[in-house]
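# An overview of the molecular structure
The lines below spell out each chain.
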Amino acid sequence: MSAVLEVRDLRLQFGGVKAVDGLSFDVREGEILAVIGPNGAGKTSAFNCISGFYLPTSGSVVFDGKRIVREVPKPWHALRLVHLLQSFGFYRVLPSRVTKWGMARTFQNLRLFRELSVLENVKTAMHANLREGFWSTLVHTPGYRRAEEACVREARGWLDFVGFQDDEDLYVGQLPYGEQRRVEIARALATSPKLLLLDEPAAGLNHNEKQSLMALIRRIRDLGVAVVLIEHDMGMVMELAERIVVLNYGKEIADGTPAEIKADPLVIEAYLGVDDDAEPIDATRLRTGTVSAEAIADVLGATAGAAASDGKDGGVR
Ligand SMILES: Nc1ncnc2c1ncn2[C@@H]1O[C@H](COP(=O)(O)OP(=O)(O)OP(=O)(O)O)[C@@H](O)[C@H]1O
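Criteria and thresholds
- Residues numbered from 1 in each chain as written.
- Predicted model: local features only at pLDDT ≥ 70, side-chain atom pairs only at ≥ 80, totals over all residues.
- Helix = DSSP H or I, 4+ residues; strand = E, 2+ residues; numbered from the N terminus.
- Buried ≥ 20, exposed ≤ 12 C-beta atoms within 10 Å, placed from the backbone.
- Contact = placed C-beta atoms within 7 Å.
- Near = placed C-beta within 6 Å.
- Nonpolar A, V, L, I, M, F, W, Y, C, P; charged D, E, K, R; others polar.
- pLDDT = per-residue confidence, 0-100.
- Pairing = 2+ DSSP bridges.
- Axes fitted to C-alpha atoms, helices over the stretch in contact; angles between N-to-C directions.
- Expected span 1.5 Å × (residues − 1).
- Domains from an automatic or database assignment.

Within the protein chain one finds 14 helices and 10 strands. Within the span of the protein chain, comprising 317 residues, buried residues form 36% of the whole. A separation of at least 24 residues holds for 68% of the contacts in the protein chain among residues at least 6 apart in sequence.

Structure representation (structure tokens):
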């Protein structure tokens, strides 16, 4: 299967903080990939670079064969011209263009137009593609009305697809949180993406809402859309994702199937930390298999179970 997204040696630095530190991974067509890691690991920063919201310090991002971020030639780094060039549109593509190319995203904190209705929110995603000009919009020509009706039909289709059952004329701000999340996903889908980035889509959802979110993400994948999600709910990630990339302090520490990730001691160490008296886990020893991953995985399983029975959110954070 070919890659719809290729991220290579992506780096983003805020002063002395390396938010993303040499991240490289691919997203294959039509797969569900989860990006996980402890708080502050650099997940959202990576999303922001990939979708054109942030300028990475260096690295390249290629989406559907097109470069969103290009590696800047080394001599220009020395001249400190990089950011100046990028702010003029060199070596980067702005988020609106990235969306047109077929990458859509949702945000950790919902970014809906609270003063617009549900239907209007979804329609905004399609208005960017309407070809009607200033005059036809002003006088509502038959062409404009036809385009507008098609837009409404499509918006309703996406609301239906995500399982939105409330009143489409309500202001988004009047909806319960779970329904607002659905509307945000409907709006992202209305841009006809090939790749959908979901930043913590299950945050704030109850058990039933999470179950229906998982079913929705699978239906989105079945449309042929690749889905990348940042998620802290390990139960959901393990059940839903086909592949998982794990970040810690901006670095990728693992990339594999849920079963491989669950048994990876570096991942377990990143989440649980290690006993101060214990010998630190050494990556080279891990790869040669001289440390018992199973023993540590048992600990992780027990801790996750305890968190769930405490009424916490089903997993390790
Ligand atoms: N705009 C910013 N300015 C300065 N530092 C930032 C900025 N955004 C993120 N950081 C820092 O970069 C690091 C990575 O943050 P990021 O939000 O990407 O992590 P995350 O893995 O998404 O965390 P969480 O799971 O808590 O959302 C953190 O140390 C954070 O404090």
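So, about the site of the ligand. Taken together, Phe 14, Val 17, Ala 19, Gly 37, Asn 39, Gly 40, Ala 41, Gly 42, Lys 43, Thr 44 and Ser 45 make up the full set of residues near the ligand. Looking at the shell around the ligand, the elements that each hand over two or more residues are β2 (17-28) and α1 (43-50). Of the residues forming the shell around the ligand, the biggest block, 3 residues, is contributed by α1. Taken together, the residues of the shell around the ligand sort by class into 4 nonpolar, 6 polar and 1 charged.

A word on the confidence of the model for the protein chain. In the predicted model, the protein chain carries a mean pLDDT of 81, and 74% of its residues have values of at least 70. With pLDDT under 50 throughout, residues 280-317 is counted as low confidence; its partners more than four residues away or in other chains account for 45 contacts. Scored as a complex, the prediction yields pTM 0.81 and ipTM 0.95.

This brings us to the sheet that holds strand β4 (residues 58-63). Here we have 4 strands laid out as an open sheet, ordered β2-β1-β4-β5, and antiparallel in their pairing. Where the open sheet ends on each side, the last strands, each with one partner, are β2 and β5 (66-69). Pairwise comparison of adjacent strand axes, ignoring direction, gives a mean angle of 20 degrees for this sheet. Where strand β1 (residues 3-14) meets β4, 5 bridges bridge the pair, whose relative direction is antiparallel. Residue pairing in the sheet places Val 7 in a bridge with Val 61 of β4.

Okay, the pairing of β5 next. Across 3 bridges, β4 lies against β5 in antiparallel orientation. Following the sheet pairing, Phe 63 is matched in β5 by Lys 66. Linking β4 to β5, which pair antiparallel, is a turn of 2 residues; within it Asp 64 sits at a positive phi near 50 degrees.

This part takes up helix α9 (residues 207-222). The terminal C-alpha atoms of α9, which comprises 16 residues, lie 23 Å apart, in line with the 22 Å expected from a rise of 1.5 Å per residue. Contacts made by the buried residues of α9 are with β3 (32-36), α8 (177-189), β7 (195-199), β8 (226-230) and α10 (234-240). Note on α9: the residue one or two positions beyond its end, Gly 224, has a positive phi of about 95 degrees.

A few words now on the sheet that holds β8. In space, the 6 strands of this open sheet follow the order β6-β7-β8-β3-β9-β10, with mixed pairing throughout. Lying at the two open borders of the sheet, with one neighbouring strand each, are β6 (103-105) and β10 (251-256). Put simply, the sheet's adjacent strands are angled 15 degrees from each other on average, direction ignored. Looking at chain direction, β3 and strand β9 (residues 243-248) are connected through 4 bridges and run parallel. Bridge assignment links Ile 36 to a residue of β9, and that residue is Val 246.

This brings us to the environment of Asp 222. With respect to the helices and strands, the residue Asp 222 is situated in helix α9. Overall, Asp 222 belongs to the exposed group, with 9 C-beta atoms counted inside 10 Å.

This paragraph deals with the domain arrangement of the protein chain. Along its sequence, the protein chain is organised into domain 1 (1-102 + 193-258), domain 2 (114-192) and domain 3 (263-317). In this assembly, 11 residues from domain 1 lie in contact with 10 residues from domain 2. A per-element tally of the side of domain 1 that touches domain 2 places α9 first, with 4 residues. For the side of domain 1 that touches domain 2, a count of residues per class yields 6 nonpolar, 4 polar and 1 charged.

It is worth spelling out unusual backbone geometry at this point. In this structure, Glu 200 takes a positive phi of about 50 degrees despite not being glycine. Relative to the helices and strands, Glu 200 resides in the loop between β7 and α9. With a phi angle near 50 degrees, Tyr 249 is a residue other than glycine that sits in the positive phi range. What makes Tyr 249 partly exposed here is the crowd of 16 C-beta atoms within 10 Å.

Attention now moves to the pairing of β3. Within a regular strand, the side chains alternate between the two sheet faces. Burial of β3 is extensive: 5 of the 5 residues sit out of reach of the surface. In the sheet, β3 pairs with β8 via 4 bridges, with the strands oriented parallel. Within β8, the residue paired with Val 35 across the bridge is Ile 230.

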